[in-house]
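# Fold and contact review
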Amino acid sequence: MRDTPKLFAIGGVAICALLAACGGGGSSSSSGSSSSSTTVTTSSSSSSSTSSASSSTSSTSSSSASSSDCSTQTSQGSKLTCLASNFISTLSSSQQSSVSLSLTSSNATSYWSNLPTTLATRKGLTLGSLSTAQKTAAMSLLNAALTSSGQTTMTELLAADDQLAASASGYGSGLYYISFLGTPSTSSPWILEFTGHHYTFLASVNGSYVSMTPNFVGVEPVTWTASGTTHTPMGTRHDALLAMLNGLSSTQLASAKLSQAYDDVLVGPQKDGTFPSTASGIAVSGLSSSQQALVKAAIASYASDANGTGQYDAYVTDTALASTYISWASYSDLSTKGSYVRIDGPRVWIEFIVQSGIVFSANHYHSIWRDKTYDYGGNFSF
């Protein structure tokens, strides 16, 4: 088990004692109140995942290829490259063709969505189509891109999709896709894309591990209980953002309110680069040190999922915070449908909205973390 930074409480939310330790490769507070031991069994409402898993096992021509010991790699970028090569070596030639895409803006932006796979095209291979050995190699790669809190986020959100799969088609952890944009290399840029219904990240490597944004997170159901354990995959994000808003005075809260109402995140899938030209809300620079700590904790609840990118550290420098704004729309309780909150900095962009349920009657959440400079590793301009 990894060591976890010591926590203290401000405004009712746990904050890392050394917030800088929540960036880069550090571990952070869990992305949910549930146990991190949830097992994703890659269930799917589609039988094709099971049948293709069997066929991939029988057709894998290179699964016997020896894998490298990636623990000897000295940088996160080289480790991810090594693990990517190990995973690719388990695939048949046809699977390798399916998982490999050119590093283009169109490929990067077009094939991730918050819609179920029946309504939006993805590229790559599904987890449900992989053999046991292939999935083990894939999960080793995905987990290496994430901190322990990031691994919990991924595991719990895929488990939430399995809850949906029990009641509707087109959902399930087996319907999450893995692909590569560009060839994994220590000398040229490439991107690992992992995407499905309510969870997407694009881990960009260019020698070093540059970014894991865009990172879309959503959840339905918001909470559920299984085998005596209550799961709330987005609890930490929700609670940190709520504490940030609750930490404002009534005057500050009024200043931070946006006049427009929202029904979804503004800069979501296929909305790359459409950030407002002028930041709105209340400036973080005008907040007290304790209020600023709550803003940092809210940023950490997202950016600390990335294992070694340094994005969190860049977002919370004095210079960055001096140009960062927080805002909300419609309702600030983050429980009423239409509740919306935003963090807008020189690089960081975070949105969270409460929507009505799709499969179940209760509300569900959509949220996104973007990096204005290093989405997709900064390989494209929008």
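Before reading further, recall that the structure is shown in the block above.
Quick caveat: nothing in here was measured; it's all calculated off a predicted structure.

This brings us to the overall build of the chain. Scanning the chain from terminus to terminus reveals eleven helices and 17 strands. Counting every position in the chain, which comprises 382 residues, the buried fraction comes to 57%. Across the chain, contacts joining residues at least 24 apart in sequence account for 69% of those joining residues at least 6 apart.

In helix packing, the relevant descriptors are the interaxial angle and the interaxial distance, both defined with respect to the helix axes. Running from N to C, helix α2 (residues 76–89) and helix α5 (residues 132–144) cross one another at 165°; their axes reach a closest spacing of 9 Å. As judged from the angle between their axes, α2 and α5 are roughly antiparallel. With respect to the hand of their crossing, α2 and α5 are arranged in left-handed fashion. Contact residues: α2 offers Gln-76, Leu-80, Leu-83, Ala-84 and Phe-87, while α5 offers Gln-134, Ala-137, Ala-138, Ser-140, Leu-141 and Ala-144. Taken together, the residues of the contact of α2 with α5 break down into eight nonpolar, three polar and no charged.

Looking now at the nonpolar core. Counting residues in hydrophobic clusters, the biggest one holds 75 residues, and the most contacted among them are Phe-194, Tyr-199, Phe-201, Met-244 and Ile-299. With seven residues, the single largest contributor to this core is helix α9 (residues 289–303). Here Tyr-199 is in contact with Leu-146, Gly-150, Thr-153, Met-154, Leu-157, Leu-158, Tyr-176, Phe-194, Met-212, Asn-215, Phe-216 and Val-217, once residues within four sequence places are set aside. If you look at the next biggest cluster of nonpolar residues, it comprises 19 residues, including Ala-108, Phe-216, Leu-258 and Phe-380.

If you walk through the whole model with that rule in mind, you get twelve aromatic pairs. Residues Phe-87 and Phe-180 carry aromatic rings whose centres are separated by 6.2 Å and whose planes lie at 45° to one another, so their mutual orientation is tilted. Separated by 93 residues along the polypeptide, Phe-87 in helix α2 and Phe-180 in strand β5 (residues 177–181) bring together distant segments of the chain. You can call Phe-87 buried: its relative accessible area is 0%. The class of Phe-180 is buried, set by a relative accessible area of 1%. Aromatic side chains Tyr-199 and Phe-201 sit 5.8 Å apart centroid to centroid with 70° between the ring planes, which places their arrangement in the edge-to-face category. The same class applies to Tyr-199 and to Phe-201, which are both buried. The structure contains a cluster of three or more aromatic residues connected by ring pairs, namely Tyr-176, Phe-194, Tyr-199 and Phe-201.

So, on to the environment of Leu-321. Of note, Leu-321 is situated in helix α11 (residues 318–321). Residues Leu-321 and Gly-286 lie 35 residues apart in sequence; the distance between their C-alpha atoms is 10.0 Å. For Leu-321, the contacting residues outside a window of four places in its chain are Val-284, Ser-285, Gln-292, Lys-296, Tyr-315 and Val-316.

What counts, and where the lines are drawn
- Residues numbered from 1 in each chain as written.
- Predicted model: local features only at pLDDT ≥ 70, side-chain atom pairs only at ≥ 80, totals over all residues.
- Heavy atoms only, no water.
- Helix = DSSP H or I, 4+ residues; strand = E, 2+ residues; numbered from the N terminus.
- Buried < 20%, exposed > 50% of the residue type's maximum accessible area, 1.4 Å probe, protein only.
- Contact = heavy atoms within 4.5 Å.
- Axes fitted to C-alpha atoms, helices over the stretch in contact; angles between N-to-C directions.
- Parallel < 35°, antiparallel > 145°, perpendicular 65-115°, else oblique.
- Left-handed = near helix turned anticlockwise from the far one by under 90°.
- Nonpolar A, V, L, I, M, F, W, Y, C, P; charged D, E, K, R; others polar.
- Core = buried A, V, L, I, M, F, W, Y, C linked by side-chain atoms within 4.5 Å.
- Phe/Tyr/Trp six-rings, centres within 6.5 Å; stacked < 30°, edge-to-face > 60°.

Any functional reading would require information beyond the geometric quantities listed.
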